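Residue-level structural notes
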Amino acid sequence: MKESFACVGLLGRAAIVVALSAAMPVFAQQPEPASAATAAQRIQAREPDRAQVERRLESVGTLIEKSSAARQIEASGVPEALQRHEQAKQAYRDAKTAFAAGDLAKASTLLSTASMTVFQAARLAAPETVTAEKHEKDFRNKLESVKALLSAQKRIATEKSEVKGTSESTRQIESLLADAEQKAAAGQFDAGRATLEQAYLLAKASVSSMRSGDTLVRSLNFASKEEEYHYEVDRNDTHQMLIKVLLEDKGGTSANPRMQEFLDSAASLRRDAEAAAARGQFAVGIETLERATGELVKAIRSAGIYIPG
């Protein structure tokens, strides 16, 4: 069996645990207790308190007309932001009308719409410095996630010393990280984040391939073949996303003839796997998906990216 990993946002052992566990699809979630559902229904059905709605009218009115967010929107001159601000004002006016008519539920809903819309307007009106800071923050968060996943990749590479190509894969990931950091140093955070996305997918696919052949079914304790099938779907999706990123990085969406041959084979096998799963034949679907992912690995290697295995 093979394993995939999802994005993590922290460094260290705890981050790696998150990276490993977050990748696994969540299956067979326990239904919410009937008592909790009943309580939620009672809350939803309860008529809003008039005094509470009246207080919200005052606070939302202040938010829309007098807050720093409102001043920022008006000063920005951004058409989209001004339009959203006007929409918020209209929702607020409608809320006041509904309140006066005694329709507290409608008034409460409209107040929520008004506050949400004014926050959207404020984001649209954010100064460029704020936007740049957000781009840098997003880049740093993604960088830490990829570094944590790379640490996991290196650890598993040590455990799987018999698997060929692990060091090549590690070097490629490290090279992508260095390239991303150079772009960030030049203020090109969006470009750097795109490179980080490629590094992340490569690390995730690399780990997945290194774990090929493990007794994963026992370690993950799949409750059914259906759960195992969906796990394999996630692995296959990861490899497909990596291929998409690789093609975009090369400035186009067309694969070379050899790569296209592998992609066509993988797509055909994926359709066969989905058809088998639709018939309830999940064991067949799992085996077919593994073959499909194997074809995707070949396609990735044909693009000059080495996936161990």
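Residues numbered from 1 in each chain as written. Predicted model: local features only at pLDDT ≥ 70, side-chain atom pairs only at ≥ 80, totals over all residues. Heavy atoms only, no water.

Here we come to the overall build of the chain. What the chain contains, in helices and strands, is 13 helices and 0 strands. Of the regular secondary structure in the chain, the N- to C-terminal order runs α-α-α-α-α-α-α-α-α-α-α-α-α. Looking at the chain alone, contacts between residues at least 24 apart form 77% of all its contacts between residues at least 6 apart. Accessible surface computed for the chain: about 16,700 Å², of which carbon and sulfur atoms make up 52%. (Helix = DSSP H or I, 4+ residues; strand = E, 2+ residues; numbered from the N terminus. Contact = heavy atoms within 4.5 Å. Areas by Shrake-Rupley, 256 points an atom, 1.4 Å probe, with all protein chains shown as cover.)

Here the focus is the confidence of the model for the chain. Predicted confidence across the chain gives a mean pLDDT of 77, with 76% of residues reaching 70 or more. Within the chain, no element has a lower average pLDDT than helix 1 (residues 12–22), which sits at 36, and none a higher one than helix 12 (residues 257–278), at 94. Taken as a whole, residues 1–45 scores under 50 in pLDDT and shows 84 contacts with residues more than four places along the chain or in a different chain. Scored below 50 in pLDDT, residues 213–219 makes 11 contacts in the model with residues more than four places away or belonging to other chains. (pLDDT = per-residue confidence, 0-100.)

The next subject is the packing of helix 3 (residues 50–65) against helix 6 (residues 104–124). The geometry of helix 3 relative to helix 6 is characterised by a closest axis approach of 10 Å and an angle of 25° between their N-to-C directions. For the element pair helix 3 / helix 6, the angle class is roughly parallel. The hand of the helix 3/helix 6 crossing is left-handed. Taken together, the residues of helix 6 that come into contact with helix 3 (itself represented by Arg50, Val53, Arg56, Leu57, Val60, Leu63 and Ile64) are Leu104, Ala107, Ser108, Leu111, Ser112, Ala114, Ser115, Val118 and Phe119. Of the residues assigned to the contact of helix 3 with helix 6, the class counts are 11 nonpolar, 3 polar and 2 charged. (Axes fitted to C-alpha atoms, helices over the stretch in contact; angles between N-to-C directions. Parallel < 35°, antiparallel > 145°, perpendicular 65-115°, else oblique. Left-handed = near helix turned anticlockwise from the far one by under 90°. Nonpolar A, V, L, I, M, F, W, Y, C, P; charged D, E, K, R; others polar.)

On to the side chain of histidine 239. Assignment of secondary structure puts histidine 239 in helix 11 (residues 225–249). The residues contacting histidine 239, other than those within four sequence positions of it, are Ala205, Ser208, Ser209, Thr293, Leu296, Val297 and Ile300.

Applying the stated rule across the entire model yields 2 aromatic pairs. Between tyrosine 229 and phenylalanine 282, the aromatic rings sit 5.8 Å apart at their centres with planes inclined by 55°, giving tilted as the arrangement. Placement of the pair is tyrosine 229 in helix 11 and phenylalanine 282 in helix 13 (residues 282–302), with a sequence separation of 53 residues. Judged on exposure class, the residue tyrosine 229 and its partner phenylalanine 282 are both buried. Its end group placed over the ring of phenylalanine 99, arginine 50 keeps NZ or CZ at 4.3 Å from the ring centre. (Phe/Tyr/Trp six-rings, centres within 6.5 Å; stacked < 30°, edge-to-face > 60°. Buried < 20%, exposed > 50% of the residue type's maximum accessible area, 1.4 Å probe, protein only. Lys NZ or Arg CZ within 6 Å of the ring centre and 35° of its normal.)

Now for the nonpolar core. In summary, soluble globular proteins display a tendency toward joint burial of nonpolar side chains. Counting residues in hydrophobic clusters, the biggest one holds 35 residues, and the most contacted among them are Leu242, Ile243 and Met259. If you look at the next biggest cluster of nonpolar residues, it comprises 23 residues, including Leu57, Ile64, Ile73 and Leu104. (Core = buried A, V, L, I, M, F, W, Y, C linked by side-chain atoms within 4.5 Å.)

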